[in-house]
Amino acid sequence: MSSKVTLVGAGLVGSLLSIFLAKKGHQVEVFERRPDYRKMGAVGGRSINLALSERGWRALKAAGIEQKIKDIALPMRGRMMHDIEGNLTFQPYGKENQAIYSVSRAILNEVLMDVAEKEQNVKFHFNQRCENIDIKDTEATFLNEEEQTKNRVKSDIVIGADGAFSAVRGELQKMPLFNYTQHYLPHGYKELTIPPNEDGSHKLAPDALHIWPRRSFMLIALPNTDGSFTCTLFLRFESDKEHQEAFDKLTSDEEIISFFETHFADVIPIMPTLLEDFKQNPTSSLVTIRCAPWAYQGKVCLIGDASHAIVPFYGQGMNSGFEDCFYFNEFMEKQLKKNKNIDWQELFSDFQEERIPNTNAIADLAIQNFIEMRDRVADPEFLLRKKIEAKLHEQFPSRWIPQYTMVTFSHLPYSYALNTGKKQEQIMNEIMKKEDIENNWQNLDWESIVEQLQS
């Protein structure tokens, strides 16, 4: 039998989950605080383009919409490094056929909402701010911010997919034994743009994620299907004795241009709206959120950023949220195989038991990868380590899988990738101490290295 579901949040995860719920016959009402930007146009200026990888694709395939998304995505087969002089170095992500896919957050969200609305039992409500959740009676109160009217909605369950600053989680935080932490990076981010050429082509190679690593800060650029690139500058909010470069030092046109001339000179000719974008677009924060439990009394559950917001440096924020939806659907199917009615309390319990250890792991990995992207990707020793690991993976594809490959191109649990990666790092640290490793690395005893990992 179907349940009535109140789903708070019509973002990427909320929209995808509504499709899974509807396909199982549930009656779904989705409440979104923002207006329907399909009618008014998306507001730009604070989006980091998304990098769809294997976990996200698996969820989209399970929902039957993989091809629709492939039509709006561009493959990126590796990192294109830009050094301070403007020299380029390409670092493949994996094997020849492996890529992650750049996709616009706004366009992807529009497609997901359009697909969800075609399901007869899904209804979207916009300009609805969640004010309160009565957990005992499973009743949510929403304020229509256009009409200033309140709407009380009673249902069988409430699911919070309303992002890092979730109103639903705010209600759960009032409950006993609820654990919650948030941690901000000292860095913020600002969106910038590289427009297309006059003929609509890209100004940079479109099959790569471009990175300008500068130790404590960096610039990245991801391609769009219209020939443009969405760029993001990651930089500390405030300067100190150790870090002179920061957003608080960039207040005048002269300071902004001087900063880019010093650190990113090669982008100035291809960013005609640099000053305008820099001054108009907000400087946004980067936060990691962890909490437990995600569910309460089989009536309310959190999913996506509402339960595990992470920083964007492994490209797994959306992918981990979509993987949440995949497992939520798997547990619905498990329930339906043994019951006519879904036992939501049991489903929520299975769901959070599966996901919490793994989302905590990807939170750690994302911060770890920030350090790698900004500090290490241009380091010759780091590049040699990657060569050795690629050789190990080539010779023993199932026994030595690089951590990036485990996270991005497999469905192995994030917690397994984190723990295995730590063991691999210990082994690689010893290898890099070997005498003249730069010239002798191809003569390593590959079998014995893999055996160390197995043991």
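Our subject is the structure that appears above.
In this report, the structure presented in the accompanying data block is examined. Everything numeric in this text was worked out from a predicted model, so none of it was measured.

Things to note about the layout of surface pockets
Moving on, step 1. Each pocket or cavity is described by its volume, and for the second largest pocket that value is around 550 Å³.
Moving on, step 2. For the second largest pocket, the lining is made up of 21 residues, of which Pro92, Tyr93, Gly94, Lys386 and Ala390 are closest to its centre.
Moving on, step 3. Secondary-structure elements contributing two or more residues to the lining of the second largest pocket are strand S6 (88-92), helix H12 (380-395) and helix H13 (403-408).
Moving on, step 4. Residue classes in the lining of the second largest pocket are distributed as eight nonpolar, six polar and seven charged.

Examining the sheet that holds strand S10 (residues 139-144)
Moving on, step 1. Pairing within the open sheet is antiparallel, and its three strands lie in the order S9-S10-S11. Both outer strands of the open sheet, strand S9 (128-134) and strand S11 (149-154), are each paired with one neighbouring strand and no more. Recorded for the sheet is a direction-independent mean angle of 25° between the axes of neighbouring strands.
Moving on, step 2. Note: S9 against S10, six bridges, orientation antiparallel. Pairing of Arg129 across the sheet is with Leu143, part of S10.

Looking at the packing of aromatic side chains
Moving on, step 1. By the definition in use, this model includes 24 aromatic pairs.
Moving on, step 2. Their ring planes at 90° and their centres at 6.3 Å tell us that Phe260 and Phe278 sit as a pair that is edge-to-face. Residue Phe260 is located in helix H7 (residues 253-263), and its partner Phe278 is located in helix H8 (residues 274-280); the two are separated by 18 residues in the primary sequence.
Moving on, step 3. One aromatic cluster is present, formed by Phe217, Phe237, Phe247, Phe259, Phe260, Phe264 and Phe278 through successive ring pairs.
Moving on, step 4. Directly above the aromatic system of Phe278 lies the positively charged group of Lys190, at a separation of 4.9 Å from the ring centroid.

Quick word on the pattern of salt bridges
Moving on, step 1. Using the criterion set out here, one finds 23 salt bridges in the structure.
Moving on, step 2. Across the pair Arg290 and Asp364 runs a salt bridge whose closest N-O atoms are separated by 2.7 Å. Of the two residues, Arg290 is situated in strand S17 (residues 284-292) and Asp364 in helix H11 (residues 344-376); the sequence distance between them amounts to 74 residues.
Moving on, step 3. One salt-bridge network, held together by shared partners, links Arg55, Arg58, Glu323, Asp324 and Arg355.

Focus: empty space enclosed by the protein
To find the voids left in a structure, one rolls a probe of water-molecule size over its atoms.
Moving on, step 1. Tallied over the full model, the rule gives two cavities of 30 Å³ or more.
Moving on, step 2. Quantified by volume, the largest cavity comes out at close to 50 Å³.
Moving on, step 3. Together, Leu172, Met175, Pro176, Leu177, Phe178, Pro293, Trp294, Ala295 and Tyr296 line the largest cavity.
Moving on, step 4. Looking at the lining of the largest cavity residue by residue, the classes come out as nine nonpolar, no polar and no charged.
Moving on, step 5. Looking at the second largest cavity, its volume works out to about 30 Å³.
Moving on, step 6. Residue lining of the second largest cavity: Arg55, Glu323, Tyr327, Glu354, Arg355, Asn358, His411, Leu412, Pro413 and Tyr414, and that is the complete set.
Moving on, step 7. Elements with a minimum of two residues in the lining of the second largest cavity: helix H10 (317-338) and H11.
Moving on, step 8. A total of three residues in the lining of the second largest cavity trace back to one element, the largest contributor, which is H11.
Moving on, step 9. When its residues are assigned to classes, the lining of the second largest cavity shows four nonpolar, two polar and four charged.

What counts, and where the lines are drawn
- Residues numbered from 1 in each chain as written.
- Predicted model: local features only at pLDDT ≥ 70, side-chain atom pairs only at ≥ 80, totals over all residues.
- Heavy atoms only, no water.
- 1 Å grid on protein atoms, 1.4 Å probe; cavity = no way out; pocket = protein on both sides within 12 Å on 5 of 7 lines; lining within 4 Å.
- Points joined across faces, edges and corners; volume = space filled by probe spheres on them.
- Helix = DSSP H or I, 4+ residues; strand = E, 2+ residues; numbered from the N terminus.
- Nonpolar A, V, L, I, M, F, W, Y, C, P; charged D, E, K, R; others polar.
- Pairing = 2+ DSSP bridges.
- Axes fitted to C-alpha atoms, helices over the stretch in contact; angles between N-to-C directions.
- Phe/Tyr/Trp six-rings, centres within 6.5 Å; stacked < 30°, edge-to-face > 60°.
- Lys NZ or Arg CZ within 6 Å of the ring centre and 35° of its normal.
- Salt bridge = Lys/Arg side-chain N within 4 Å of Asp/Glu carboxyl O.

Everything listed is a geometric property; what it means functionally is a separate question.
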